Amino acid sequence: MAGLEVRDVSVRYGGTTAVDGVTLAVEPGEVVALLGPSGCGKSSLLRAVAGLEPLAGGRVLYDGADLAGLPVHKRRFGLMFQDGQLFPHRDVRRNVAYGLETLPLTRQERDERVTALLDLVGLAGYEQRSVPTLSGGEQQRVALARALAPRPRLLLLDEPLSALDRQLRERLAGEVRAALVETGTTAVFVTHDHAEASAVADRVGVMDQGRLLQVAAPQELRTAPASDRVAEFLGLRA
Ligand code: ADP
């Protein structure tokens, strides 16, 4: 199968089972959100897909190939976190260009790609700005441009908007979706906020205590929640 396949994956830390037999497929170009309360195992699952956490069970495949033993940097996956982890001493252009430095591109091609990405994330003309002068929202836009720059075959986003205030978060969620759709990027987006999950994703996977309870389009989750727990988490039941 093309795209990402997570088959019966478990992640354990000592005696704690953080992810408990999760199966999930993400098609090429699809954006899937993992939604659930803090501690339900979303980040652990994302980190296991990235290759940052060993699997206690199950398999992770991409385009049909098992990724076991393939190190993080060889997966051609992009990562973006709550704190964008920009390089404070590099300007915006050099932050976005970071992931392009090892690719066989001319300087002009690199500069053109950086300009196009800044345009895509609504920061046209920001090339020379220094990171400490940017707002939190601007920093996360730069982090998104940087993550997209090498054209990862899968982008993994771990609560990328959670440090921002609610109003900005809602606007940016729509903009992140637009950037992913425009670039045709396959993505998994972790969040504890159901409005954000619905704004960003084609399908939302609801997690609880290490398990995936339901995966469905946002509208379907609202109209046909598979269990009381799902409905409760979406705020549909008291
Ligand atoms: P979420 O992303 O949904 O908040 P996490 O995947 O971070 O959930 O955590 C799932 C569970 O695993 C929690 O009980 C958490 O305390 C535990 N956990 C996460 N990371 C570690 C770790 N490095 N060592 C031990 N326990 C961990």
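Keep in mind that this is a model prediction, so the values were computed, not measured.

Parameters and conventions
Residues numbered from 1 in each chain as written. Predicted model: local features only at pLDDT ≥ 70, side-chain atom pairs only at ≥ 80, totals over all residues. Heavy atoms only, no water. Near = heavy atom within 4 Å. Polar contact = N/O pair within 3.5 Å; in protein donor to acceptor, adjacent residues only side chain to side chain. Areas by Shrake-Rupley, 256 points an atom, 1.4 Å probe, with all protein chains shown as cover. Helix = DSSP H or I, 4+ residues; strand = E, 2+ residues; numbered from the N terminus. Nonpolar A, V, L, I, M, F, W, Y, C, P; charged D, E, K, R; others polar. 1 Å grid on protein atoms, 1.4 Å probe; cavity = no way out; pocket = protein on both sides within 12 Å on 5 of 7 lines; lining within 4 Å. Points joined across faces, edges and corners; volume = space filled by probe spheres on them. Phe/Tyr/Trp six-rings, centres within 6.5 Å; stacked < 30°, edge-to-face > 60°. Lys NZ or Arg CZ within 6 Å of the ring centre and 35° of its normal. Pairing = 2+ DSSP bridges. Axes fitted to C-alpha atoms, helices over the stretch in contact; angles between N-to-C directions. Contact = heavy atoms within 4.5 Å.

Chemist: What is the right way to read the site of the ligand from this model?
Modeler: Taken together, Tyr13, Ala18, Pro37, Ser38, Gly39, Cys40, Gly41, Lys42, Ser43 and Ser44 make up the full set of residues near the ligand. The separation between an oxygen atom of the ligand and a polar side-chain atom of Ser44 is 2.5 Å. Surface burial for the ligand is 56%, taken as the share of its 560 Å² of free accessible area covered by protein chains. When residues in the shell around the ligand are grouped by element, the largest group, 3 residues, is from helix H1 (residues 42-50). Looking at the shell around the ligand, its residues break down into 4 nonpolar, 5 polar and 1 charged.

Chemist: Can you walk me through the layout of surface pockets in this structure?
Modeler: Think of a ball as big as a water molecule: rolled over the atoms, this probe shows where empty space is left. In this structure, the largest pocket occupies an estimated 790 Å³ of space. If you go around the largest pocket, you meet 24 residues; those closest to its centre are Phe77, Gly78, Tyr98, Gly99 and Pro150. The set of elements that each furnish at least two residues to the lining of the largest pocket consists of strand S6 (77-80) and helix H4 (136-148). When residues of the lining of the largest pocket are assigned to their parent elements, the largest contribution, 4 residues, is made by S6. Considered class by class, the residues forming the lining of the largest pocket number 13 nonpolar, 6 polar and 5 charged. Lining the second largest pocket, in full, are Arg113, Ala116, Leu117, Leu120, Leu148, Ala149, Arg151, Pro152, Thr183, Gly184 and Thr185. Of the residues contributing to the lining of the second largest pocket, the split by class is 6 nonpolar, 3 polar and 2 charged.

Chemist: What am I meant to see in the packing of aromatic side chains here?
Modeler: In this description, an aromatic ring pair is defined by two values, namely the gap between the centres and the angle between the planes. A full pass over the atoms with the stated rule returns 2 aromatic pairs. Sitting above the plane of the Phe87 ring, Arg90 keeps its charged end 5.2 Å from the centroid. The ring of Phe87 has Arg146 sitting right over it, with the charged end atom 5.1 Å from the ring centre.

Chemist: What is the right way to read the sheet that holds strand S3 (residues 31-35) from this model?
Modeler: One key point about sheets: their strands pair by backbone hydrogen bonds, in either a parallel or an antiparallel sense. Reading across the sheet, the 6 strands line up as S6-S7-S8-S3-S9-S10 and stay open at both edges, with mixed pairing between neighbours. The strands lining the two open edges of the sheet, one partner per strand, are S6 and strand S10 (211-216). The average undirected angle you get between the axes of adjacent strands in this sheet is 20°. With 4 bridges joining them, S6 and strand S7 (residues 154-158) adopt parallel strand pairing. Bridged to Gly78 within S7 is Leu155. Along the sheet, H1 contacts S3, S6, S7, strand S8 (187-191) and strand S9 (203-208); its crossing angle with S7, the most-contacted strand, is approximately 150°.

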